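Residues per chain are reported as follows:
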Amino acid sequence: MEFIFPVIFWKSFLPIPILTFGAVMVLLFDIFASDEKRKATLWLSIAVLFITFISCLLSSPENSEISFGGMYLFDGFTRSLFLIILISSFIVILMSSIEKKFEENSYGDFLGLILFATLGMMLMVSTRNLVMIFIALEIFSLSLYVLSGFFRSSLIGNEASLKYFLLGSFASGFLLFGIALIYGSTGSTDLFEIIRFYELSSQKLVFFLGLSFLIVGLGFKIGAFPFYMWTPDVYQGSPTVATAFMSVGPKAAAFAALFRILISTAGFSANKIEMTIWIIAVLTMTVGNLVAIWQKNIKRMLAYSSIAHVGYLLIALVTIKQAGTLSSGSFLFYVFVYSFMNIGAFVVIMLAKREDGSERTNIEEFSGLGLSRPGLAFSMAIFMIALAGIPPTGGFVAKFYIFSAAIKSGFVWLAIIAVLNSVISVFYYLRIIVVMYMNDTEEDVKKEQFRFVWGSRLSYAVVALVICVIGTLSLGIFPSYFVDFALNSNISLN
Amino acid sequence: MFPLISWMVFSPLIGAFLILFFRDDNEKHYKRIFLISIISSLVSLLFSLIIFVNFQASAEMQFVENIKWIESLGVSYRVGLDGISFPLILLTTFLTPIVLLFSWDDIKKRIRLYYFSMLLLETAMLGVFVSLDFFLFYVFWEAMLIPMYFIIGIWGGKKRIYSAMKFFIYTMAGSVLMLVAILWLYFSTGAGTFNILVFLNSPIDPFLQTWLFVAFALAFAIKVPMFPFHTWLPDAHVEAPTAGSVILAGVLLKMGTYGFIRLAIPLFPEAAIQFSPIFIFLSLVGIIYGALMAMIQRDAKKLVAYSSISHLGFVMFGLFSFNLLALGGSVLQMVNHGICSGLLFLTVGMLYRRRHTRLIDDFGGIAKVMPVFSVFFVITVFSSIGLPGLNGFVGEFAILSGSFQSHFIPTIIATLGVILSAVYMLPMVQKMIFGKIKIESNRILTDLNLREWFVLVPMIFLVFFLGIYPKPILNIIEPSAKSLLLKINERKLVVQGIKNNNPPLVSSSTITRRGH
C-alpha cells in the first residue's frame, strides 16, 4: 500500500503546533521550576498565547486552506475565531492572577488546562470533519470539567464539576452517536463529502436522526433550550475565573461547528433545520431572560443571561443560508463583543471581593458599590448596559448586526421577538445598577481605599478590567474596522 | 468648514470626561466640578448661538457634516439641522446651563456622577436633533435613556427606582420596535445606506408604510406621551429631581413630537394621512384627560406633569391636522412648552427646596413672604394658560386657528382644553400664592437668592420675548414647515385620488391653496 503524505499548509497550520508545544512547556516548567521561579509560569503562558496570536495574524488566507484532507481547515472565519478565543483566554489568564486560592492548588496546572482548552476550541473551529469536531470537543470539555472543580475543598465546586462531567459526557455520547449514524448513512464524516454522498444515500431518515443527535450534542455545549439545565449550577459552583472562561470560548467553538454543519446541509435540509433552530432560538432567549429576572445570585443571573445571549447568537445561525457572510460576520462580531462584556462582568465580581477575600455572591451584596468602589461600579454599569444592548456600547452594535441579518433573511418575527426579549433583559441588568447606585443603604458605606501597585497581582486583574472596558466601548463607538474584519471573514467548507 | 454642530454636540461630552478626573469629596472639589459643567454647557450654547447668527432661512439642511463611520453597513456620521430641529436645539442648549445652575442648591450627593450624567444627557439630546443617519439617531436616542435613568434613580424622590425603571422600560419597548422598522426599511429599499435624507426623498411601498409607521409612531407616541402610553410620565416627572423634570418635560418629551415631524410623518406620508383621524382623536383625549387629571391633583408637581400631557396633545393635534399654520404652531409650541413647563417645574422646585413639600394645601399666602418669586410664578402660570402677550399663547393660537380650517369639531374640543388649563392652573395659584398664611412655617420663607434670579430671569425674558415678538423663531421654522407640508399634500392627493378613483389632479386646487 502506498502512503500519500497529506497536503499541509504549514503557514496556516502553525498556530496549532505552537500552542500544543507551548502548553506542554508550561506544564513542564511548572513541574521542574523552583518555587521562586514558578511565578514566571504566568508570563510563560501569556507569551505562548501571544506567539500563537502573532502566528494567526501572519497567515491571512485569501481562500480557505485545507490541510490533512479536511481535518484542518483554515479560512477567514477560523482565523477570526482563533483571534477571539486567544484574546478571551488572555483576559482570563490575566484575571486569574488575583485568585489567592491558587496558592494551595497548583497555579501551573490551571494555566496549562486553560491553554489546552484553548487548543481544543481552536481545533474545533478549524475543521470540517465530524470526528475531529468530536476530538476537539473532548479536549476542551475535559479541561473544563477539571477547571470547574479546580478548588478541591469547595463542595459546591465539586458538585458543579460532577454535574458538568456527567451531563457533558451524556451529550458527548449523543454527538458521537449522531456522527456514527451520519457515517452509516453517507459513508463519510467529512462535512464537504456528506453533501455529495447524501444524494446517493438510501438511508435519509437515519441521516436526519444523526443530524438531530448532532444538534443535541452541540446544543448542550452552547447551553441552548432545552439542554441548558447544567449552566446555572456549573456557573455558580465553578471558580469565577473558570466561569468567565467557559462562558465565551467553548460556546463560540460549538457554534462554529454548528455553522459548518448548517452550511454543509443547507442544500437539502435547510427549511427543516432552520425551523427547528428558529424555535430553539426563541425558546432559549425567552427562557433565559425570564428566569434571569428572578435570580438572586449574580453568577446564576449571568448564567441565565448567557443562555439568553445564546438565543441571540442562534439567530445568526438561522440566517446563515440567506444572509451568508452578514450572518457569520454578525456572529463573529457578537462573540467578540461578548467576550469583553461578559468576561468583564466576571472580572468585576472577582475584584469586588471583600477585604477578607470572600466573594460577593448575592446581587444584594453589591449594594453601595457605587460609593465604596466607584471605578469598579462604573465598569460594571458599562458591562451591564452593553449586555442589555444599549448604545453607545459594543453590545448594541452586535445586536444591531445580528438583527439586521435576521431581517435581511426575512425573519422579521424572529427579530421582533428578539428585541422584545432585550427589553425584558433590561430588568435584570439594570437591577445590578440599581443595587450599586440607588439603594438606600448607601449612606453608611465608606469609600474603600484601593491600593494600586504596579506588578502586584491585583494590577493584572485591573489591566484585564481596563481591556474589557475599552473593548466594550470602542466596539460600540468605532466598530468600523471590526465590522469589516468580520464581514470579510469568509466561511466555507472547501 | 468648521464643524460647528459637532462642537456644539460634543462640548458637553468633553466637559463630562474632564469631570471624571476630579475627586468629589469636599466642598472645594464640588465647586470645581460645578464650574466645569456650567462652562462646557455654556460653550455648547455659544456654538448654538453662532449657528443661529449664520442660519439661513431655507428648507435645506444646513451645516451638514458627513464622516464615514461603518462603511460596509452604510452607516455614517451625518449631522445637520433645519428649521424644525434648530428651535429645539436652541431650547436644549439654553435649558441645560439653567438647570445645571439650579442644581447647585439641590444636589448634595454624588456631585460628580450627577453632572457627568447631565452633560452626557445634553450631548445625547442634541445628537438626536442633529442626526441625519438612522443608526446615529438610534444611538443617541437610546443613549439618552441611561443618564436620565441615573438622574431619576439616584437623585429622585421616594419611588425613584420604580419610576426610573418604568421610564426606561416604556421608552425602550417602543424604541426597539423602531429599530426593527429601521432595519426593515433599510433592507426593503436596498439603498445600502442609513442616510435619512435618502429615505425622505424616495417613496415607500404603501403596505410597508403602514407597518413601519406603526412601529415608528409607537416609539414616538410613548415618548410624547400620547394618551394610552402616558402612564410613565407622572411617575417619572414627579420622582425626578427638579432639574431632571425640567429636562424631561422641556426636551425629552419634544423628542417624541420631533420624531413624528422629522421621521414618521414625512417618511410614511400615506400611512400618516390614513392614521391621522386616530391620532387626532388620541391627542384630543390627551388634551382633555390631562387637564381633568391635573384638576384633581393635590401635588403641584403632579399637576404640572399632567398639564404636560394636555399641552403636548395640542402639539400632536397641530401636527396631524396637516396645515401650515398649525404645523408651524406645533413647532413653536414645542419650544414654548419647553420654556413654560421648565419654568413651572423650576418654581415648584424652589418651593420644594424651602418647604420639602409640594402639596398645594401646605402653602398659601406665599406672596407676602416671597413677593418676587410670586410675580415670576404668576407670570409662568399665565404663560402656561396661554395669556395673550406671553409665549404660551402664540403657539396654541396658531395651532387652533390653523386646524380650524380643516378640522372644525376637533378644534372646538381642543379649545375646551385651553379653558380647562385655566381651570386647573388658577386655583393652584390662588391657593398657593394668595390668601392668608395658614401654616406657620411658611412665614419664615426667604425670597429668591442670587442663583435663583439667574435661573428665572432669562426664562421669563423668553416668555415675554416669544410672546410679543416670535418672528425670529417663526422665520426659522417657516421654510422647513412649508416644504414638509408641500410634500405631505402631494401625497394626500395621491391617497385621495385612489380613494375616489379620481385622477389626482381633480381635487388639487383646494388642497394646494390651503397648503400655501
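Residues numbered from 1 in each chain as written. Chains lettered and ligands numbered in written order. Predicted model: local features only at pLDDT ≥ 70, side-chain atom pairs only at ≥ 80, totals over all residues.

Novice: Please explain the overall build of chain B as it appears in this structure.
Specialist: A count of helical and extended segments in chain B gives 21 helices and two strands. Rg of the C-alpha trace for chain B: 22 Å, near the compact-globule value of 24 Å for 516 residues, within the 12% margin. Each principal axis of the C-alpha distribution contributes one length, and for chain B these read about 75 × 55 × 40 Å. Split into buried and exposed, the 516 residues of chain B put 58% on the buried side. For chain B, the proportion of contacts with a sequence separation of at least 24, taken over those separated by at least 6, is 80%. (Helix = DSSP H or I, 4+ residues; strand = E, 2+ residues; numbered from the N terminus. Rg over C-alpha atoms; globule rule 2.2 N^0.38 Å. Buried ≥ 20, exposed ≤ 12 C-beta atoms within 10 Å, placed from the backbone. Contact = placed C-beta atoms within 7 Å.)

Novice: Explanation requested: the overall build of chain A in the structure shown.
Specialist: Tallying secondary structure elements over chain A gives 21 helices and two strands in all. Computed over C-alpha atoms, the radius of gyration of chain A comes to 22 Å, within 12% of the 23 Å expected from 2.2 N^0.38 for 494 residues, which places it in the range of a compact globule. Principal-axis analysis of the C-alpha atoms gives chain A an extent of 75 × 55 × 40 Å. When the 494 residues of chain A are sorted by exposure, 59% land in the buried category. For chain A, restricting intrachain contacts to residue pairs at least 6 apart in sequence, the fraction spanning at least 24 positions comes to 79%.

Novice: Is there a simple way to think about the packing of helix α2 (residues 15–32) of chain A against helix α3 (residues 40–58) of chain A in this case?
Specialist: A pair of packed helices can be characterised by two numbers: the angle between their axes and the separation between those axes. All names here are of chain A. Following both chains from N to C, one finds α2 and α3 inclined at 175°, their axes separated by 9 Å at the closest point. One way to sum up the angle between α2 and α3 is to call them roughly antiparallel. Contact residues: P15, I18, L19, G22, A23, M25, V26, F29 and D30 in α2; T41, L44, S45, V48, I51, T52, S55 and C56 in α3. In terms of residue class, the contact of α2 with α3 is made up of eleven nonpolar, five polar and one charged. (Axes fitted to C-alpha atoms, helices over the stretch in contact; angles between N-to-C directions. Parallel < 35°, antiparallel > 145°, perpendicular 65-115°, else oblique. Nonpolar A, V, L, I, M, F, W, Y, C, P; charged D, E, K, R; others polar.)

Novice: Teacher, can you tell me more about the interface of chain B and chain A here?
Specialist: Interface size is commonly expressed as the accessible area that is lost once the parts come together. Residue-level contacts link 27 residues of chain B with 25 residues of chain A. Taken together, the elements giving at least two residues each to the side of chain B that touches chain A come down to β1 (62–70), α5 (134–143), α6 (145–155) and α7 (160–189) of chain B. Considering every element that reaches the side of chain B that touches chain A, the biggest residue donor is α7(B), with 14 residues. Classifying every residue of the side of chain B that touches chain A gives 22 nonpolar, two polar and three charged.

Novice: Is there a simple way to explain the pairing of β1(B) in this structure?
Specialist: One face of the sheet, then the other: side chains in a regular strand alternate in exactly this way. Residue and element names in this part refer to chain B. Pairing geometry for β1 and strand β2 (residues 75–81), over six bridges, is antiparallel. Directly across from I70, in β2, lies its bridge partner V75. Counted between consecutive antiparallel strands, the loop separating β1 from β2 contains four residues, among which G74 sits at a positive phi close to 75°. (Pairing = 2+ DSSP bridges.)

Novice: So what exactly am I meant to see when it comes to helix α3 (residues 85–106) of chain B here?
Specialist: Helical geometry: 3.6 residues make up each α-helical turn, so side chains three or four residues apart lie on a common side. For α3(B), spanning 22 residues, the distance from its first C-alpha to its last is 31 Å, which sits close to the expected 32 Å at 1.5 Å a residue. Here α3(B) lies mainly inside the structure; 18 of its 22 residues are buried. (Expected span 1.5 Å × (residues − 1).)

Novice: Where do I start with the packing of helix α17 (residues 374–387) of chain A against helix α19 (residues 412–438) of chain A in this structure?
Specialist: All names here are of chain A. Put simply, α17 and α19 touch, their axes get as near as 8 Å, and they point 160° apart. Comparing their axes, α19 and α17 come out roughly antiparallel. In the packing of α17 onto α19, the handedness of the crossing is left-handed. Packed against α17, whose contacting residues are A377, M380, A381, M384 and L387, the element α19 presents Y429, L430, I432, I433, M436 and Y437 at the interface. (Left-handed = near helix turned anticlockwise from the far one by under 90°.)

Novice: Teacher, can you tell me more about the environment of A:S185 here?
Specialist: All names here are of chain A. By the secondary structure assignment, S185 is in helix α7 (residues 155–186). Measuring from C-alpha to C-alpha, the distance between S185 and S202 comes to 7.3 Å, with 17 residues separating the pair along the chain. If we skip the residues at most four places from it in the chain, S185 touches S201, Q203, V206, F207 and G210.

Novice: Is there a simple way to explain the nonpolar core in this structure?
Specialist: Note on soluble globular proteins: their nonpolar side chains tend to be buried together. A:Y334 and B:V180 are the most contacted members of the largest nonpolar core, which totals 380 residues. With sequence-adjacent residues up to four places away left out, A:Y334 is seen in contact with A:Y312, A:L313, A:A316, A:A398, A:Y401 and A:I402. (Core = buried A, V, L, I, M, F, W, Y, C linked by C-beta atoms within 7 Å.)

Novice: I tried to follow the environment of B:I412 on my own but got confused; where do I start?
Specialist: Residues and elements named next belong to chain B. Structurally, the position occupied by I412 is in helix α18 (residues 408–433). Judged by local crowding, I412 falls into the exposed class, with 11 C-beta atoms found within 10 Å. Along the sequence, I412 and A173 sit 239 residues apart, while their C-alpha atoms lie 34 Å from each other.

Novice: Teacher, can you tell me more about the environment of A:L44 here?
Specialist: Residues and elements named next belong to chain A. Here L44 lies in helix α3. In this structure L44 comes out as partly exposed when scored by C-beta crowding, with 18 C-beta atoms within 10 Å. For the pair formed by L44 and V26, sequence separation is 18 residues and the distance between their alpha carbons is 6.7 Å. In this structure L44 touches M25, V26 and F29, once residues within four positions along its chain are discounted.

Novice: Looking at this structure, I do not really get unusual backbone geometry. What am I missing?
Specialist: Trans peptide bonds make up the majority, and among non-glycine residues the majority have a negative phi. The linkage connecting A:P391 with the following residue, A:P392, adopts the cis geometry, with an omega of 5°. Position of A:P392 among the secondary structure elements: in the loop between α17 and α18 (394–408). Between B:V224 and the following residue, B:P225, the backbone shows a cis peptide bond with an omega angle of -10°. Its identity as a non-glycine residue notwithstanding, B:F63 has a phi of 55°, on the positive side. Mapping B:F63 onto the fold places it in strand β1.

Novice: Can you help me understand the confidence of the model for chain B in this one?
Specialist: Detailed reading of the predicted coordinates is not advisable wherever pLDDT is low. All names here are of chain B. Per-residue pLDDT for chain B averages 88, and the proportion of residues at 70 or more is 96%. Contacts for the low-pLDDT stretch residues 503–516, under 50 throughout, to residues beyond four places or in other chains number 18 contacts. Complex prediction metrics read pTM 0.92 and ipTM 0.91. (pLDDT = per-residue confidence, 0-100.)

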